[in-house]
Amino acid sequence: MKTVMILGAAAGQIPFIKICKEKGHRVIAVSPEGDYPGFDIADDVVYADTSDKETILKYAMEFKIDAILTDQTDVA
């Protein structure tokens, strides 16, 4: 199993999160705190601004991720 960090947890990222989970990957969703549906289906959640490179790197190293992905977001 690979660990994938997905930047964004809004409705636009739901299909992407589901695809990764269907492939058997552990999903870490990253987004600021809020009522984002991706938080409910991700395996783990990181509350952070998706443009904060230093914080993203810190959590990527902590979770020992294999990939960082995003879809449907211009900011990330």
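Heads up: these notes are all about the structure in this document. (Residues numbered from 1 in each chain as written. Predicted model: local features only at pLDDT ≥ 70, side-chain atom pairs only at ≥ 80, totals over all residues. Heavy atoms only, no water.)

## With respect to the nonpolar core
In plain terms, the rule: Residue types Ala, Val, Leu, Ile, Met, Phe, Trp, Tyr and Cys, when buried and joined through side-chain atoms within 4.5 Å, form a set referred to as a nonpolar core. We call a residue buried when its accessible area falls under 20% of the maximum for its residue type, exposed when it is over 50%, and partly exposed in between, using a 1.4 Å probe and counting protein chains only. The helix count covers DSSP runs of H or I at least four residues long, the strand count covers runs of E at least two residues long, and both are numbered beginning at the N terminus. In what follows, residue pairs with any heavy atoms lying within 4.5 Å of each other are defined as contacts.
Counting 10 residues, the largest nonpolar core consists of M5, L7, I28, V30, V46, A48, I56, A60, F63 and I65. Mapped onto this core, the elements with two or more residues apiece are strand 1 (3-7), strand 2 (26-31) and helix 3 (53-63). Tallying contributions element by element places helix 3 first for this core, with three residues. Setting aside residues up to four positions removed in sequence, A60 forms contacts with M5, I65 and I68. The next biggest cluster of nonpolar side chains, apart from the first, holds nine residues, and it includes V4, A9, C20 and A42.

## Let's talk about the sheet that holds strand 3 (residues 44-47)
Quick note on the threshold: Note on pairing: DSSP must find at least two bridges between two strands before they are called paired. Note on definitions: angles span 0 to 180 degrees between N-to-C directions of axes, and those axes are lines fitted to C-alpha atoms, for helices only across the stretch in contact.
An order of 3-2-1-4 is seen for the four strands of this open sheet, with the pairing classed as parallel. Bordering the open sheet on either side are strand 3 and strand 4 (67-70), each of which pairs with just one other strand. In this sheet, adjacent strand axes meet at a mean angle of 25° when their direction is disregarded. Here strand 2 runs beside strand 3; their pairing, made up of four bridges, is parallel. Looking at the pairing, V30 lines up with V46 of strand 3. Along the sheet, helix 1 (residues 14-22) contacts strand 1, strand 2 and strand 4; its crossing angle with strand 1, the most-contacted strand, is approximately 180°. Across the sheet, helix 3 is in contact with strand 1, strand 2, strand 3 and strand 4; its angle to strand 1 comes to roughly 160°.

## Regarding the pattern of salt bridges
Here is the rule: The salt bridge definition used is simple: a Lys or Arg side-chain nitrogen within 4 Å of an Asp or Glu carboxyl oxygen.
Applying the stated criterion to the full structure yields two salt bridges. With its nearest N and O atoms 2.8 Å apart, the salt bridge here joins D43 to K21. Taken together, the residues span a long stretch of sequence, with D43 in the loop between helix 2 (38-41) and strand 3 and K21 in helix 1 at a distance of 22 residues. We note a salt bridge from D44 to R26, for which the minimum N-O separation is 2.7 Å.

## A closer look at helix 3
Given 3.6 residues per helical turn, the α-helix brings residues three or four places apart onto the same face. Selection criterion: Note: the arc covers the axis-to-C-beta directions of the helix.
Where helix 3 is concerned, the buried positions are I56, A60 and F63. The arc that holds the buried residues of helix 3, viewed along the axis, is 75°, so those residues lie on one side. Structural note: helix 3 exposes E54, L57, M61 and E62 on the side pointing more than 90 degrees away from its buried face. Of the surrounding elements, those touching the buried residues of helix 3 are strand 1, strand 2, strand 3 and strand 4. Positive phi shows up at K64, right after helix 3, with a value of about 55°.

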